[in-house]
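Secondary and tertiary structure notes
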Amino acid sequence: MRRDGRLRLGVLASHGGSNLQALIDAAKDPAYPAQVVVVISNNSGSGAMQRAAREGIAGVHLSSVTHPDPQALDRAIADTLQAHGVELVILAGYMRKIGPLTLRGYRHRILNIHPALLPDFGGEGCWGRHVHEAVLAAGAQESGPTVFLVIEAYDTGPILAQARVPVLPGDDADTLAARVLKQEHKLYPEVVRRIAAGEMDLDKVAGAG
Ligand code: GRF
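Residues numbered from 1 in each chain as written. Predicted model: local features only at pLDDT ≥ 70, side-chain atom pairs only at ≥ 80, totals over all residues. Heavy atoms only, no water.

Attention now goes to helix H2 (residues 47-55). What H2 keeps buried is the set Ala-48, Met-49 and Ala-52. Seen along its axis, H2 keeps its buried residues to an arc of 100°; they face one direction. Opposite its buried face, H2 presents the exposed residues Ala-53 and Arg-54, each directed more than 90 degrees away. Buried positions along H2 lie against helix H1 (18-26), strand S2 (34-41) and strand S3 (58-61). Once H2 ends, the next one or two residues include Gly-56, with phi positive near 70°. (Buried < 20%, exposed > 50% of the residue type's maximum accessible area, 1.4 Å probe, protein only. Helix = DSSP H or I, 4+ residues; strand = E, 2+ residues; numbered from the N terminus. Arc of directions from axis to C-beta. Contact = heavy atoms within 4.5 Å.)

Below you can see the structure in the form of structure tokens.
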């Protein structure tokens, strides 16, 4: 399926898209072994869609507005990924659950990033500020992003990589989120690089998980 030697990425994002941007920027180095070929967003006005347009990358709005029937939406997402020859699906701040058809079509080929050290501080409802508030409330000394494989249940797929940052005295959810996000922008492109370069085998990781 590889057309020009680089692994083809499809990114799903709902909001700002700073992780999307980190991947786009990484791929500006011709030696980087992957490239973003399509961005799908459930939010037509999202920063992620604007970034795609600015970078000349296909941006597709798919949501309950364009497809009120969840099965039709799932199919449209899977079809769009296939139509762009996507080999690896990257969730980057995507606030919707991936449907069964897309999950089956991209088995062990969907990655997500969570802004805390899973398996703690994850699961349904644990997103955005809530994650960092939970970390602070628990008195944790460290936090940091987790990249993991997406399976049906929220935030429980095999962990691919983590980075650690200290929780500092005086932190609030915003300062902690900013420190973690900085690491996300390094970790996500690095994990994708490892996969694309054949240094990380997703089937093996999934089998072991
Ligand atoms: C990140 O913190 C990521 O961990 C979480 O959603 C946020 C997305 O940020 N899943 P951005 O849209 O990439 O800036």
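Before going further, it helps to spend a moment on the pattern of salt bridges. Using the criterion set out here, one finds 10 salt bridges in the structure. A salt bridge links Lys-28 to Glu-55, with the nearest nitrogen and oxygen atoms 3.2 Å apart. Of this pair, Lys-28 sits in the loop between H1 and S2 while Glu-55 is found in helix H2, placing the two residues 27 residues apart along the sequence. The exposure class assigned to Glu-55 is partly exposed, which follows from its relative accessible area of 27%. Among the ionic contacts, a cluster of salt bridges with common partners joins Glu-190, Arg-193, Arg-194 and Glu-199. (Salt bridge = Lys/Arg side-chain N within 4 Å of Asp/Glu carboxyl O.)

The next subject is the site of the ligand. Around the ligand, the structure places Gly-16, Gly-17, Ser-18, Asn-19, Gly-93, Ile-113, His-114, Pro-115, Leu-181 and Glu-184. Within the backbone of Gly-17, an N or O atom sits 2.8 Å from an oxygen atom of the ligand. Within the backbone of Asn-19, a nitrogen or oxygen atom sits 2.8 Å from an oxygen atom of the ligand. Considering the ligand on its own, with 370 Å² of exposed area, one finds that the protein chains cover 78% of that surface. Of all the secondary structure elements, the ones that give two or more residues to the shell around the ligand are H1, strand S5 (110-114) and helix H6 (173-196). The residue makeup of the shell around the ligand, split by class, is three nonpolar, six polar and one charged. (Near = heavy atom within 4 Å. Polar contact = N/O pair within 3.5 Å; in protein donor to acceptor, adjacent residues only side chain to side chain. Areas by Shrake-Rupley, 256 points an atom, 1.4 Å probe, with all protein chains shown as cover. Nonpolar A, V, L, I, M, F, W, Y, C, P; charged D, E, K, R; others polar.)

What the seven strands build is an open sheet, ordered S3-S2-S1-S4-S5-S7-S8; its pairing is mixed. Every interior strand has two partners, whereas the edge strands, S3 and strand S8 (159-162), have only one. For this sheet, the mean inter-axis angle between neighbouring strands, taken without regard to orientation, is 25°. Inspection of the sheet shows strand S4 (residues 88-91) paired to S5 by three bridges, in the parallel sense. Within S5, the residue paired with Val-89 across the bridge is Ile-110. Those strands touched by helix H3 (residues 70-83) are strand S1 (7-12), S2, S3 and S4, and its axis lies near 155° from that of S2. (Pairing = 2+ DSSP bridges. Axes fitted to C-alpha atoms, helices over the stretch in contact; angles between N-to-C directions.)

Another point: H1. Counting buried positions along H1 yields seven of nine residues, so the element is predominantly enclosed. Where H1 is buried, its residues contact S1, S2, H2, S4, S5 and H6.

Take the nonpolar core next. The biggest cluster of nonpolar side chains holds 35 residues, and the ones touching the most others in it are Leu-9, Val-36, Ile-90, Leu-111, Leu-160, Val-191 and Ile-195. Per element, the largest residue contribution to this core is six residues, and it comes from H6. For Val-36, the contacting residues outside a window of four places in its chain are Leu-9, Val-11, Leu-20, Leu-23, Ile-24 and Ile-57. If you look at the next biggest cluster of nonpolar residues, it comprises 18 residues, including Leu-62, Leu-81, Val-86 and Tyr-94. (Core = buried A, V, L, I, M, F, W, Y, C linked by side-chain atoms within 4.5 Å.)

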